[in-house]
Each structure stands twice: as structure tokens, then as C-alpha cells.
Amino acid sequence: MRKEIIINATANEIRIAITEDRRLAELYVETPEKERLVGDIFLGKVAKVMPGIRAAFVELGLKQDAFLHFSDIGDSLNEYSSLLGEDSDVDTDEGSDEGEEGSQPGQSGQNAPSPDGRPVASAPPHQHQQQQRRGGRDNGRGHFPIPDIQKGQDIIVQVTKEPVGKKGVRITSEISLPGRFLVLLPFDGKIGISKKLNNFKEKRRLRHILRGILPPGFGVIVRTVAHDQDEATLRQDLESLLQTWKEIQQTLKNEKAPAVLYKDMATTSSVIRDLFTDSVERVVVDSKKLHKEIRSYLEMTSPALMEKVELYREREPIFDAYGIEKEIAVCLSPKVWMKSGGYLIIEQTEAMVVVDVNSGRYAAKREQELNSLRTDLEAARELCRQLRLRDLGGIIVADFIDLEDERNRKKVYDELRKEFRKDRAKVTVLPMTEIGLVQVTRQRIRQSVLHSFSEACPVCGGGGLVQTRSSVVNQIERGVRRFKAETREFRLQITVHPTIADYLREGSFNRLRKMMLKYRLLISIEAEPRSPASEFKFYSPKQDKDITQEFKG
């Protein structure tokens, strides 16, 4: 599989495309107004402890309080508390060396990276590793004991998931700092080795090196790219991470909660750090500044990869030249066509993602099962690609074309499982039901690509539908009736969207005139283009104030 990283930079936006066999597989967008938080470390203050949902809410100085589940509070809580000047006993765990690669700070192990490692831009702290060492351990019945945290307590946490919709960020009390070859785990004595490293001798060599250079009380996870690296390179990476941890401790002494203790790399830097491996054929970037920064970073960490970095100099926009712009347009559309003539409809709701598979053509009855199977298999491959590309997470329900043969349903299920192996996010797939439904759960780290390029419509509020004009006018009339019944005023000013204003004034004996005669009021209409189509305001000239809330129907 041919893999490339294409980077397009403008004054206000950086877009990073990961292509596989010339097709867009992943897309990351970095803009000033949508700051990335995953991997950042905060000194927070516990705002609420809610045993009923086994979670706490922590104030970080963001718009919404962060969500801290009890399962994300580890054994190291006391050690981190000691940094804040609280009494605690440090008990370093020198347990099993076995582990798996942690990718980025705040990256959940349930999304442990492949040899390429998922970039920090979209991945949280090593949760598999944490589940083995956290204090909020599952007691076997799906319940977690209440940890020793209290309202008003200061706590050091790291962001694992970006805010999605009205939900704040998700955080963990287990801190991890990623480098090029290692991930540092403060207050953890374990040495974890990436499961992608299959060579037993190489794993033993790396473990031996790290046992000799790792300071007491610290743990590490060895990343896939550490394969064949010498002791000097690993030591340099470790010393850099240890220096970062010392700086965090120093910052902690001078800050009061809530405060930022550590900002992780920008999206572009994290992609190069975590995704640019030997499996990537080349990196092409159209910015001289970024090109220089990438080469400078690689010169210190992986000089052998520098020759793979190219500066794009052509006049044609880089995403147009590589056909990426067209694929971005497809991932913003709900309809995705397939080569067979079939298509997918992908609809994202607040609760889940719904995917409908359509054949797009009529098949003869005797060939229906075979044609349905072919369409479903192609749809399975395209569905997996689209979920990665759009970065859709949570619950996904796909309605495939019905298959009568149980063996055919299993073929579609097996195809889905095979394709999802390419996905670095944790994915669970359930077998297809008799009516063709497949349920998928995919780890959600950040908002989808669609939300990176769009915002809620000011007219419909993001729902895609607006009230009919007659419905809005009926609401206005109910408000006018209340106004007439409860006041002795004879003048009323109403502010509405221009389409509603036109609807009220339409015709010689129009709706507005009928309303004024019916309620014996002098009503003036003011059109406001910036007002949502379904919203209106009442203003009293006599009282010289807005009275919308008093009389709105």
C-alpha cells in the first residue's frame, strides 16, 4: 500500500491529508479558532463529584467543565497530589514489562496506534495501559469504586477527547508525554513495548537498554518507530521528555487552578512525529516555512527520513493536483457513490450515525442475492473508509441490503472486520442481523471532519428544517392576542425575518391588516435579515422596551 502525507498551508488554515494508494484516507484540519486540546495538561479544580454517574466534573478554565470518569482516575493520583504539596505515600509499581505502544499524550490505549501511530490531533492517553494500573479499577460488575477526590480539590489532568457538541472535554488523571520513540509515564515503573514489534530479540534489546537509562519511578512505552534505534537515540528522546516533565513541575509551582501546565504540539508537528515512519513514501508540503520546520525536526530525530520530505512548487494548488479537493467535497456530502452504481447515505445525528446502503439499480430476481452481496461487500469497504475519513465516532448503525443466505451475511461481517483493521481508533462490530442491520461502535476523540468545515445554520439552528411561515405567523398572532388582553396599549412593533415580513404584507387585504383590524392595534413590522426565520421580537413603543418574553406565543 502506497502511503503519502500531503500538507496544504494557508494564512489561517493547515490541512493534512493522509493518502493510501492515492485515495484520501484521513484528513486533519488546524485553524486558529478551533484550537486542539487533546494531550494538553491542566491544573484543574474539582467542581462536582457525582457518584451516581461515577464521574467528576473539573474546572479547567474552558467554556464547559471537563468530564472525569472514575475509571480514568489511576493509582498514581496520590503521587500527583504530592506535587501539589499534599501528604501521600509514593509506591512505585515495578510490575509487568508487557504493554503496548502509547501514542500521544492523552491517547487512550483503546486506540493504541498502529506502526504509524495515531496523531495527537485525534487520539487520547493509553487506556489499555491505564486500565492495568488505575485506582478506579472495574470490580468485575461494571462498577468503579468512588476515588478519594473532593469538591474544590486541585488535580492534575490531561485531555483525552475534544469537546463534542455541548459536551466538554474528557480527561484522565494518568499523565503521559509522547516523544518520537518513547512515551514517558511519570510515577509508573513499567516498560511497555509496542505490540507491533514482533521480533522477540529486538523487544528484549530495547527493554534492556531502557532498564539501564530509565530513572527510578518513571515508566515508558516503546513505540514502533524505535525499532533498530541505538541507545544514544533513545537516551536523547528520554532526556527530552524528562526535561519537559521537569518544566511542567516547575510551572506547577507558580500556577493556581485552573491553569494550563503543558501545551502539546500543533497538529502538523504531531502528525510528523507520530505518522511519518518508514511506511510513508513521502511528505509533500506547499509551505516553505513548514518544509523547513519539518526538516529541522527530522534532522534531530530521524535524519534518514529527511530525503522523503518534498517542497511543492507548482502553480496548481497542491490538493487539486493530488485529487484531494474533490474527495473532501465528497466527505462533506451525505451521499457517497460507489463504482458499482450503488451509493451510501450517511446522516450524522447527535445520538448516532446512520448509514443506508442502496443498490442504485434494479436486479433480476434470480440474481438479486448475488447483486446484493456484491453491493454490500463494496459498501462495507467504502463505509470503513468513510468513517475513518470523516472521523465519525460513537454508535453507527448501517442498514445493508437484505441478504437471505446466512453465509452471505457472514461474508459482509468478515469484510467489515478486515477493513476496520486499518483503523487506528478502537472499533467494535456486531454481526449482521436478519434484516441487514450492522451495529458499529467507534472511538470518538474529536468532532467529525464535517464539523471542522461547518457550523450550525443560524436560520434552522443546525436541524436542516425551519418552521413554515404560517406556523410562525400563528405564533405571532397568539402573542398579539396576549398583548391585547393584558395591556391597554394600542401600538406594537414586531421584528421578524424578511420572508415573514413579506408573508404578512402579501396582498392588498393582507394578513397584517387583518390582524390589526381584529385586535384593534397599530402594528408596525420591521424586517431583520440576521434574525432566524422562526424567531420574532415584540417591542412596546410606549414602554420603550423589548417585551418578547412576556407575550411570545
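Because the structure is predicted, anything quoted here is derived from the model rather than measured.

### Notes on the packing of helix α3 (residues 200–213) against helix α4 (residues 231–253)
Move 1: Interaxial distance between α3 and α4 falls to 11 Å at its minimum, and their mutual angle equals 50°. By the criterion of interaxial angle, the relationship of α3 to α4 is oblique. Considering how the two elements wind past one another, α3 and α4 form a crossing that is right-handed. On α4, the residues that touch Leu206, Ile209 and Ile213 of α3 are Glu231, Leu234, Arg235 and Leu238.
Move 2: For the contact of α3 with α4, the per-class residue count stands at five nonpolar, no polar and two charged.

### Section: the pairing of strand β2 (residues 14–20)
Move 1: With seven of seven residues buried, β2 is to be regarded as a mostly interior element.
Move 2: With burial as the criterion, each face of β2 is covered, one bearing Ile14, Ile16, Ile18 and Glu20 and the other bearing Arg15, Ala17 and Thr19.
Move 3: Here β2 pairs with strand β3 (residues 23–30) via seven bridges, running antiparallel. Paired with isoleucine 18 across the two strands is glutamate 26, which belongs to β3.
Move 4: Two successive antiparallel strands, β2 and β3, enclose a turn made up of two residues, where aspartate 21 displays a positive phi of approximately 50°.

### Here's the deal with the sheet that holds strand β17 (residues 343–348)
Move 1: Strand order in the open sheet formed by six strands is β16-β17-β18-β19-β21-β20, and the pairing between neighbours is mixed. The open sheet has two free edges, formed respectively by β16 (335–337) and β20 (427–429), since each of these has just one partner strand. Along the sheet, successive strands turn relative to each other by an average axial angle of 20°, direction set aside.
Move 2: Of the strand pairs in this sheet, β20 and strand β21 (residues 437–442) are connected by three bridges, and their pairing is antiparallel. Of the residues in β21, the one forming a bridge with valine 429 is valine 440.

### Brief notes about the pattern of salt bridges
Move 1: Per the counting criterion, the structure on display carries 29 salt bridges.
Move 2: Residue lysine 410 is joined to aspartate 414 by a salt bridge in which the shortest nitrogen-to-oxygen separation is 2.9 Å. Taken together, the positions of lysine 410 and aspartate 414, both in helix α10 (residues 406–420) and four residues apart, correspond to about one turn of that helix.
Move 3: The class of lysine 410 is partly exposed, set by a relative accessible area of 46%.
Move 4: A residue is classified by how much of its surface remains accessible, and aspartate 414, at 32% relative accessible area, is partly exposed.
Move 5: One salt-bridge network, in which partners are shared between bridges, spans Arg2, Glu4, Glu281, Arg282 and Glu310.

### Brief notes about helix α12 (residues 469–486)
Move 1: Under the 1.5 Å per step criterion, the end-to-end length of α12 is 26 Å for 18 residues, consistent within 8% with the ideal 26 Å.
Move 2: Within the span of α12, buried status applies to Val472, Val473, Gln475, Ile476, Glu477, Gly479, Val480 and Phe483.
Move 3: The inward-facing, buried residues of α12 contact β22 (491–496), α13 (498–505), α14 (511–519), β23 (522–527), β24 (536–540) and α15 (548–551).

### Details of the sheet that holds strand β1 (residues 3–9)
Move 1: Across the sheet, which stays open at both edges, the five strands sit in the order β3-β2-β1-β14-β15 with mixed pairing between neighbours. Two strands close off the open sheet at either side, each with one partner strand: β3 and β15 (309–311). For this sheet, the mean inter-axis angle between neighbouring strands, taken without regard to orientation, is 20°.

### Overview of unusual backbone geometry
Move 1: Cis rather than trans, the peptide bond between alanine 257 and proline 258 has omega equal to -5°.
Move 2: Locating proline 258 in the fold gives a position in the loop between α4 and β13 (259–262).
Move 3: Residues other than glycine seldom take positive phi values, yet arginine 54 does so here, at roughly 55°.
Move 4: Positive phi is not limited to glycine here, since aspartate 391 has a value of about 55°.
Move 5: On the secondary structure map, aspartate 391 appears in the loop between α9 (368–390) and β19 (394–399).
Move 6: You can call aspartate 391 buried: its relative accessible area is 4%.

About the criteria used
Residues numbered from 1 in each chain as written. Predicted model: local features only at pLDDT ≥ 70, side-chain atom pairs only at ≥ 80, totals over all residues. Heavy atoms only, no water. Axes fitted to C-alpha atoms, helices over the stretch in contact; angles between N-to-C directions. Helix = DSSP H or I, 4+ residues; strand = E, 2+ residues; numbered from the N terminus. Parallel < 35°, antiparallel > 145°, perpendicular 65-115°, else oblique. Left-handed = near helix turned anticlockwise from the far one by under 90°. Contact = heavy atoms within 4.5 Å. Nonpolar A, V, L, I, M, F, W, Y, C, P; charged D, E, K, R; others polar. Buried < 20%, exposed > 50% of the residue type's maximum accessible area, 1.4 Å probe, protein only. Pairing = 2+ DSSP bridges. Salt bridge = Lys/Arg side-chain N within 4 Å of Asp/Glu carboxyl O. Expected span 1.5 Å × (residues − 1).

By themselves, these observations are geometric and do not establish any function.
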